[in-house]
Amino acid sequence: MEKNLINTDYLAAYMGNSNIDEKYSILGLKYNPFPRSGTANINDNDSYNRRMLPIDSEVTKKIMTFTANALLANQDHPEDKFQSCVILGDYGSGKTQLLMYIKSELREIANNPNYTAKPYVIYIDNPGVSLLEFIGNIISRIGEENLRKYLWNNIISTICNNDGYKTTLNKYLTGMQSFSFEGTISYDPYAPENLLSYKQFLTAFVNQINTPNKRKNFDKDFQEVLLSILYSLTNDSVVSYYFYEFISSDYGVNKTWEALINGNLKSLNGKEAKVIKFIVQLVKEQGYTDFFILVDEFEDITEGRLSKIQLDNYIYNLRTLLDEHREWGLFFSMNPEAYKRLRRVSPPLADRIATESVVLSAINIETSKRLIENYISIADGDKINPFSEDGIERLGEITEGNARRFLILCFRLVEFAAKEFKSKDERIDTKFINSHVNQDGILL
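Summarised in this report is the structure supplied together with it. Residue indices begin from 1 for each chain and proceed along its sequence in written order. In keeping with the model being predicted, local features are shown solely for residues with a pLDDT of at least 70 and side-chain atom pairs are shown and tallied solely at 80 or more, while totals for entire chains, interfaces and linings include all residues. Side-chain descriptors were evaluated using all non-hydrogen atoms of the structure, hydrogens and water having been removed beforehand.

1. Concerning the overall build of the protein chain
Secondary structure follows DSSP: runs of H or I at least 4 residues long count as helices, runs of E at least 2 residues long count as strands, and numbering of each begins at the N terminus. Across its full length, the protein chain carries 20 helices and 7 strands. In this scheme, a residue with accessible area under 20% of its type's maximum is buried, one over 50% is exposed, and one in between is partly exposed, where area comes from a 1.4 Å probe on protein chains only. The burial tally for the protein chain puts 46% of its 444 residues in the buried class. Considering only contacts within the protein chain whose residues lie at least 6 apart along the sequence, 72% involve residues at least 24 apart. Counting only carbon and sulfur atoms, one obtains 49% of the accessible surface of the protein chain, whose full area is about 22,300 Å². Pairs of residues are marked as contacts when any of their non-hydrogen atoms sit within 4.5 Å. A 1.4 Å probe and the Shrake-Rupley method give the accessible areas. Residues count as covered only by the protein chains that appear here.

Written out as structure tokens, the structure is:
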């Protein structure tokens, strides 16, 4: 018999005999709420992120004021909703967590019947190396299937209300029906049950086409109808063909958005702004009043990832996009040095993305307490317990105000305390911290 390589008694001492309630109960917590990596989990749900209130009251005030202004209707130019805010902070200062909080708040507004505003919000953790990648990230967050559905709903509605399109397509209908135990199934594509989804609508046509030649002719006619509709929606032949290629996989050719980006449609010839404008239009048609994009790690575009030509093209295209497209609100996060570099490279773009700026400072004793209270509340704990005030101050000294390092140590110290505390009156204080962490923040 092989020797057990894991000492289960030793493991149980850390895991509380596998009972998580038992392990952390001495600390007054249900579990350890601190992020073990010190970074925000971009996949956390909104109910979690809404409890991550900004720890700086000035930051809260600026974010709330900016968001409220962005959601106000523009009486003179209703289509102009453009507002952009840049969030500046050093690495580990909490920029991503702040974006997660903003996202959760905007979604709360969208779901609250007491508000007339219904914002749609997406978070992008990487701006990409080109505007096409930026578009791809937007679509990825909306969901390719959702975007297809929005497109088809618009197309089908147009077909149903246009006699010319119906005449072109109706010649492929035979009026056939099939019978089952559930009753008669209609192959009329315009029947209510076949308008529920584009898949049912297409199936109603395809199932009545019984020869390869007839199918070939249908595909040709259907392509012409789709391109005509898409052109009427986008007013641009290049952009209309771009979206035609995207949905053509639904009745024949297999094309993904990524394949389009990497294929021959790279040559949009500066039409990226029209692509994004149409995407936002499709989303808003689903009942949304506003469209917000939260862009994280925007410093990547100025930190050597792009060649000079790539950087110049990206900046020029993004600046053009912001000038031409006025129907959205934007949040960009980056570190202060990267923003300074952007100002040197393109002052006009820097000005456009920063109609408002929010600066995240190093945490101090007061904001450290609020940060701990946020996380403790998630695990149903009481205020800053099991930390003491002098312990929090000591952690601030060791981590030099860096929120990410601060949270990592909080996680590890809670683990140590859960194993070592013998009484609910014990606290993670200066003495306890000094016995586990040295001055450089290294665990002993």
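2. Observations regarding the packing of aromatic side chains
To describe a pair of aromatic rings, you give the distance between the ring centres and the angle between the ring planes. Two aromatic rings from Phe, Tyr or Trp, using only the six-membered ring of Trp, form a pair when their centres are within 6.5 Å; if the ring planes differ by under 30 degrees the pair is stacked, by over 60 it is edge-to-face, and anything between is tilted. Following the criterion strictly, the structure yields 19 aromatic pairs and no others. The interplanar angle of 20° and the centroid separation of 5.6 Å between the aromatic rings of Tyr120 and Phe291 together place this pair among those described as stacked. Taken as a pair, Tyr120 in strand 2 (residues 119-124) and Phe291 in strand 5 (residues 290-295) lie far apart in primary sequence, 171 residues in all. Overall, the relative accessible area of 12% leaves Tyr120 in the buried class.

3. Quick look at the nonpolar core
Here the nonpolar core consists of buried residues drawn from Ala, Val, Leu, Ile, Met, Phe, Trp, Tyr and Cys, with membership extended through side-chain atoms lying within 4.5 Å. In this structure, Phe134, Ile138, Ile159, Phe291 and Trp328 are the most contacted members of the largest nonpolar core, which totals 71 residues. Per element, the largest residue contribution to this core is 8 residues, and it comes from helix 13 (residues 272-284). Ignoring any residue separated from it by four or fewer positions in sequence, one finds Phe134 in contact with Ile124, Pro127, Ile276, Val295, Tyr314, Leu321 and Trp328. Ranked by size, the runner-up nonpolar core spans 36 residues in total, among them Tyr24, Ile398, Ala403 and Phe421.

4. With respect to the pattern of salt bridges
Two side chains carrying opposite charge are able to pair once their charged atoms lie near each other. Each reported salt bridge corresponds to a side-chain nitrogen of Lys or Arg within 4 Å of a carboxyl oxygen of Asp or Glu. The final tally for this structure, using the stated rule, is 14 salt bridges. Of the charged contacts in the structure, one is a salt bridge between Arg215 and Asp219, with a shortest N-O distance of 2.9 Å. Here the residue Arg215 and the residue Asp219 both occupy positions in helix 10 (residues 212-234), the gap between them amounting to 4 residues, near one helical turn. The partly exposed category is assigned to Arg215, whose relative accessible area is 25%.

5. Observations concerning the sheet that holds strand 5
Backbone-to-backbone hydrogen bonds pair the strands of a sheet. The strands run either parallel or antiparallel. Spatial ordering of the open sheet is given by 2-5-6-1-7, a layout of 5 strands whose pairing is parallel. Strands at the two margins of the open sheet, each flanked by one partner only, are strand 2 and strand 7 (356-359). Between one strand axis and the next, the sheet turns through 15° on average, direction left out of account. Pairing analysis gives 4 bridges linking strand 5 to strand 6 (residues 329-334), with the strands arranged parallel. Looking at strand 6, one finds that Phe292 is bridged to Gly329. Two strands form a pair only when DSSP identifies at least two bridges running between them. Axis lines are fitted to C-alpha atoms, over the contacting stretch for helices. Their N-to-C directions set the angle, which ranges from 0 to 180 degrees.

6. Notes on unusual backbone geometry
With an omega dihedral of 15°, the bond running from Asn385 to Pro386 counts as a cis peptide bond. By the secondary structure assignment, Pro386 is in the loop between helix 17 (365-378) and helix 18 (389-399). In the Ramachandran plot, Asp380 falls in the positive-phi region, its phi being about 60° despite a non-glycine side chain. Among the secondary structure elements, Asp380 is positioned in the loop between helix 17 and helix 18. Here Asp380 falls in the partly exposed class, since its relative accessible area comes to 46%. Of note in the backbone geometry, Lys383 takes a positive phi value of approximately 50° without being a glycine. Among the secondary structure elements, Lys383 is positioned in the loop between helix 17 and helix 18.

7. Description of helix 9 (residues 198-206)
Inspection of helix 9 places Tyr198, Phe201, Leu202, Ala204 and Phe205 among the buried residues, and these make up the whole buried set. An end-on view of helix 9 places all buried positions within 155° of arc, on one side of the element. Where helix 9 is buried, its residues touch helix 7 (144-160), helix 8 (163-170) and helix 10. This arc describes the spread of directions from the helix axis toward the C-beta atoms.

8. Structural notes on the pairing of strand 1 (residues 83-88)
Of all 6 residues that make up strand 1, 5 are buried, and the element is covered over most of its length. Bridge analysis of strand 1 against strand 6 gives 6 bridges, and the strand direction is parallel. Bridge assignment links Ile87 to a residue of strand 6, and that residue is Ser333. Sheet analysis places strand 1 next to strand 7, joined by 4 bridges and oriented parallel. What sits directly across from Leu88, in strand 7, is Val359.

9. Focus on the layout of surface pockets
Computed from the structure, the largest pocket encloses a volume of approximately 580 Å³. The definitions used throughout rest on a 1 Å grid laid over the protein atoms alone, on which a cavity is an enclosed set of points accommodating a 1.4 Å probe that cannot get out and a pocket is an open set flanked by protein within 12 Å on both sides along at least five of seven lines; lining residues are those having an atom within 4 Å of a point. The wall of the largest pocket is formed by 34 residues, among which Ser93, Gly94, Lys95, Gln97 and Leu360 lie closest to the centre. The set of elements that each furnish at least two residues to the lining of the largest pocket consists of helix 5 (95-111), helix 17 and helix 19 (403-420). Broken down by element, the lining of the largest pocket gets its largest block of residues, 5 residues, from helix 5. All amino acids are sorted into three groups, where Ala, Val, Leu, Ile, Met, Phe, Trp, Tyr, Cys and Pro are nonpolar, Asp, Glu, Lys and Arg are charged, and the leftover types, Gly among them, are polar. For the lining of the largest pocket, the residue count by class is 17 nonpolar, 11 polar and 6 charged. Grid points are joined across faces, edges and corners, and a volume is the space filled by probe spheres set on the points.

10. Quick look at the packing of helix 18 against helix 19
Axis separation between helix 18 and helix 19 bottoms out at 9 Å; the angle between their running directions is 130°. Relative to helix 19, the element helix 18 is oriented oblique. In terms of crossing hand, the pair formed by helix 18 and helix 19 is right-handed. When helix 18 is examined against helix 19, the residues Ile392, Leu395, Gly396, Ile398 and Thr399 are found in contact with a partner set consisting of Arg405, Phe406, Leu409, Cys410 and Leu413. A class-by-class count of the residues in the contact of helix 18 with helix 19 yields 7 nonpolar, 2 polar and 1 charged. Angles below 35 degrees are treated as roughly parallel, those above 145 as roughly antiparallel, those between 65 and 115 as roughly perpendicular, and all remaining angles as oblique. Crossings are classed by handedness, with left-handed meaning an anticlockwise turn of the near helix from the far one by less than a right angle and right-handed meaning a clockwise turn.

11. Regarding the side chain of Glu415
Note that Glu415 resides in helix 19. On the basis of relative accessible area, Glu415 is assigned to the buried category, the value being 18%. Here Tyr24 takes part through its side chain, which lies 2.5 Å from a polar atom of the side chain of Glu415. For Glu415, the residues in contact, after removing those within four places along its chain, are Lys23, Tyr24 and Asn32. Here a polar contact is taken to be a pair of N or O atoms separated by no more than 3.5 Å, where protein atoms must pair a possible hydrogen donor with a possible acceptor and residues adjacent in sequence count only if both atoms sit in side chains.

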